Amino acid sequence: MKQHITFEEFDSLTDEHLDKLFNLMGLPEKKIYVSEYDVNIGRMIGVLQHKYWITLEQDKNNSWHVVLYEKEKITLYHQFHVAKPELCDALWEAVKEVL
């Protein structure tokens, strides 16, 4: 089971997205060395839970359905389908969406 994002996935973020991600992960600035191993399943759930309620459902084809609800309004924020079998990939798509 994949536990963290790949270097290519981590490297694909813009500076603006890195700043937001570091802020949500509680890191003071992006000068701190962070590897793709630091962006793991637990950290991604933590990033999402700052602002959203999350539902994750894996279907019979091993695809993931991810739904984010805004905590403040209890309204649907975003819903999408990730056609990959790894939970890590589904969470990474959700994190990129909120960045």
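Quick caveat: nothing in here was measured; it's all calculated off a predicted structure.

(A) Region of interest: the overall build of the chain. If you tally the helices and strands in the chain, you get four helices and three strands. Counted from the first residue to the last, the chain has its helices and strands arranged as α-α-α-β-β-β-α. Here the chain holds 99 residues, and the buried ones make up 36% of them. Counting only contacts in the chain whose residues sit at least 6 apart along the sequence, the fraction spanning at least 24 positions is 41%.

(B) Fine view of the environment of His-17. Assignment of secondary structure puts His-17 in helix 2 (residues 15-24). A relative accessible area of 26% means that His-17 is categorised as partly exposed. Taking the C-alpha atoms as reference points, His-17 and Val-98, 81 residues apart in sequence, are found 9.4 Å from one another.

(C) Local environment of the pattern of salt bridges. Within the structure shown, the criterion is met by four salt bridges. Ionic pairing is found between Lys-2 and Asp-89, a salt bridge with its closest N-O pair at 2.5 Å. Linking Lys-2 in the segment before helix 1 (7-11) with Asp-89 in helix 4 (residues 87-98), this pair joins segments that are 87 residues apart in sequence.

Reading the values: the criteria
- Residues numbered from 1 in each chain as written.
- Predicted model: local features only at pLDDT ≥ 70, side-chain atom pairs only at ≥ 80, totals over all residues.
- Heavy atoms only, no water.
- Helix = DSSP H or I, 4+ residues; strand = E, 2+ residues; numbered from the N terminus.
- Buried < 20%, exposed > 50% of the residue type's maximum accessible area, 1.4 Å probe, protein only.
- Contact = heavy atoms within 4.5 Å.
- Salt bridge = Lys/Arg side-chain N within 4 Å of Asp/Glu carboxyl O.

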